[in-house]
Amino acid sequence: MKNKRTIWLFILILLLLTGCGISFAGQFPDTGQTTCYDAAGNVIPCPQPGEAFYGQDAQCAGPARSYIKLGENGVQLPDTATQAGGWIMIKDNVTGLVWEIKTDDESIRDRDNTYNWYDSSNVFIVTLNAQNFGGYSDWRMPTVKELSSLVNSGTYDPAIDTAWFPHTRWSRYWSSTPDAGNVSKAWRVEFGSGYVYSLGDKYDCYSVRAVRGESSSSSGCLVDNEDGTVTDTETGLMWQKATAPGEYTWQEALAYAAGLTLGGYSDWRLPNRNEQQTLIDYSRYDPAIDPLLQEDTETNYWLSTTDAYSTDDAWCVYFSTGSVASYDKSNSSCVRAVRDWNPSKAMPWIPLLLLKNPE
């Protein structure tokens with residue numbers, strides 16, 4: 001026990017020195033998927049532990065999606081407020097970000113306006129800030145992770161909560177994140193289905209949605225627990241460090257994760273779309289992941305989230321690039337399991353260690 005306490009005290013000091021805190025602010029919302037499916041895409045009753053297809057997205061809820069409608073100068077409005085009544089922005093209570101609401105009135109925020117990647121910032125964002133839109137002049141383009149957090153995986157065409165984000169085009173939206181593997185490209189999110197990719201180049205014209213608020217980091221702060229697990233101190237998730245041996249169909253991947261015992265824990269599961277994307281480091285390429293996990297990372301990994309448009313497919317993260325795309329559930333892919341980390345159980349003694357040296 002003394003050795004374990006010493007190790008964690010060292011880790012705590014390292015986190016403080018590197019700027020990595022132990023905070024669980026819920027930086028990503030639940031995916032929005034509430035339905036369970038089988039491998040053929042049929043809707044099924046959500047399975048019980050030990051049954052086939054147990055542990056999929058709908059059974060592991062993340063931070064509930066929650067929004068507040070805002071008017072000029074950030075005035076909070078009732079949920080019943082309309083755009084005609086002054087609703088122009090929306091706050092995501094999970095991420096803390098404030099987003100512009102698109103219009104259908106031929107203004108600068110009209111849903112049909114498109115820009116290349118350069119003009120997205122140099123024209124659209126500059127104009128919003130010059131107009132002091134909403135009473136603010138710190139609008140910016142969202143990072144790819146921020147933009148992807150708006151995807152609702154329980155619906156499609158568009159894959160977003162349209163009651164909160166009206167006039168959203170089904171097409172592609174630019175992010176501010178360049179492609180680390182090709183400087184002529186940048187990342188975008190396709191809101192028809194929820195794909196995340198960087199096809200084409202920066203001179204293609206797509207939609208843009210402005211955001212304000214503290215920009216999220218490229219990736220979290222990972223700590224090697226030296227027991228086959230890694231903890232992300234920003235998201236509160238614990239990950240299987242090494243890729244699971246072999247490759248699995250989606251059904252097999254769910255069963256593998258649910259049956260895994262590792263690091264003294266047996267509550268592992270297959271990560272959902274939003275959880276797995278937090279591991280992507282978009283400043284890196286092939287693989288686009290923290291160096292701590294590079295040696296143990298393959299190309300594509302199953303997620304517990306079914307593609308709502310094509311339900312015989314499930315979502316995969318491709319760490320060779322950072323793409324998020326769907327894949328036929330009968331195909332084989334890699335697995336890295338996840339679990340929710342409870343710091344009160346893992347480190348109940350840290351406050352004491354800060355006060356005295358244990359014998």
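Described below are features of the structure shown in this document. (Residues numbered from 1 in each chain as written. Predicted model: local features only at pLDDT ≥ 70, side-chain atom pairs only at ≥ 80, totals over all residues. Heavy atoms only, no water.)

1. Focus on the nonpolar core
Stage number 1. Counting 40 residues, the largest nonpolar core has Trp99, Phe165 and Phe191 as its most contacted members.
Stage number 2. Listing elements by their share of this core, those giving two or more residues are α3 (144-148), β7 (186-190), β12 (237-240), β13 (300-306) and β14 (313-318).
Stage number 3. In contact with Phe191, not counting residues within four places along its chain, are Leu147, Leu150, Val151, Asp157, Pro158, Ala159, Ile160, Thr168, Arg169, Trp170, Ser171 and Tyr173.
Stage number 4. Ala244, Cys316, Ala337 and Trp341 belong to the second largest nonpolar core, which has 21 residues in total. (Core = buried A, V, L, I, M, F, W, Y, C linked by side-chain atoms within 4.5 Å. Buried < 20%, exposed > 50% of the residue type's maximum accessible area, 1.4 Å probe, protein only. Helix = DSSP H or I, 4+ residues; strand = E, 2+ residues; numbered from the N terminus. Contact = heavy atoms within 4.5 Å.)

2. Some remarks on the pattern of salt bridges
Stage number 1. For the structure shown, the criterion picks out 11 salt bridges.
Stage number 2. Across the salt bridge formed by Asp267 and Arg339, the nearest N and O atoms sit 2.6 Å from each other. Of this pair, Asp267 sits in the loop between α4 (250-258) and α5 (273-277) while Arg339 sits in strand β16 (residues 338-340), and the two are 72 residues apart along the sequence.
Stage number 3. We classify Arg339 as buried; its relative accessible area is 5%.
Stage number 4. Arg269 is the partner of Asp340 in a salt bridge, and the nearest nitrogen-oxygen pair spans 3.2 Å. Of this pair, Asp340 sits in strand β16 while Arg269 is found in the loop between α4 and α5, placing the two residues 71 residues apart along the sequence.
Stage number 5. Given the relative accessible area of 10%, Arg269 is considered buried.
Stage number 6. Connected via shared salt-bridge partners are Arg111, Asp112 and Arg169. (Salt bridge = Lys/Arg side-chain N within 4 Å of Asp/Glu carboxyl O.)

3. Observations concerning the environment of Met141
Stage number 1. For Met141, the position within the fold is in the loop between α2 (117-130) and α3.
Stage number 2. Using a relative accessible area of 7% as the deciding quantity, one classes Met141 as buried.
Stage number 3. Spatially, the C-alpha atoms of Met141 and Val208 are 7.5 Å apart, while their sequence positions differ by 67 residues.
Stage number 4. Dropping the residues within four chain positions of it, Met141 is found in contact with Trp117, Ser120, Ser121, Ile125, Trp174, Ser175, Ser176, Val208 and Val211.

4. Section: the sheet that holds strand β9 (residues 211-212)
Stage number 1. Spatial strand order, β3-β4-β5-β9: 4 strands in an open sheet with antiparallel pairing. Two strands lie at the open edges of the sheet, namely β3 (67-70) and β9, each paired on one side alone.
Stage number 2. In terms of strand pairing, strand β4 (residues 89-92) meets strand β5 (residues 98-100) through 3 bridges, oriented antiparallel. Paired with Lys91 across the two strands is Val98, which belongs to β5. (Pairing = 2+ DSSP bridges.)

5. Let's talk about the packing of aromatic side chains
Stage number 1. Counting across every chain of the model gives 16 aromatic pairs.
Stage number 2. With centroids separated by 6.2 Å and ring planes inclined at 40 degrees, the aromatic side chains of Tyr195 and Tyr197 adopt a geometry described as tilted.
Stage number 3. The class for Tyr195 is partly exposed, based on a relative accessible area of 22%.
Stage number 4. Both rings, one in Tyr195 and one in Trp315, keep their centres 5.2 Å apart while their planes meet at 70 degrees; by these two values the pair is edge-to-face. Here the residue Tyr195 occupies a position in strand β8 (residues 195-197), and Trp315 occupies one in strand β14, the gap between them amounting to 120 residues. (Phe/Tyr/Trp six-rings, centres within 6.5 Å; stacked < 30°, edge-to-face > 60°.)

6. As for α2
Stage number 1. Spanning 14 residues, α2 covers 19 Å between terminal C-alpha atoms, matching the ideal 20 Å at 1.5 Å per step.
Stage number 2. Among the residues making up α2, those that are buried are Trp117, Ser120, Phe124, Ile125 and Leu128. The buried residues of α2 all sit within an arc of 90 degrees when viewed along its axis, so they share a single face. Seen from the open side of α2, the exposed residues pointing more than 90 degrees away from its buried face are Asn122 and Ala130.
Stage number 3. In this structure Asn116 caps α2, since a side-chain oxygen of it lies 3.0 Å from the backbone nitrogen of Tyr118.
Stage number 4. Once α2 ends, the next one or two residues include Asn132, with phi positive near 55 degrees. (Expected span 1.5 Å × (residues − 1). Arc of directions from axis to C-beta. Polar contact = N/O pair within 3.5 Å; in protein donor to acceptor, adjacent residues only side chain to side chain.)

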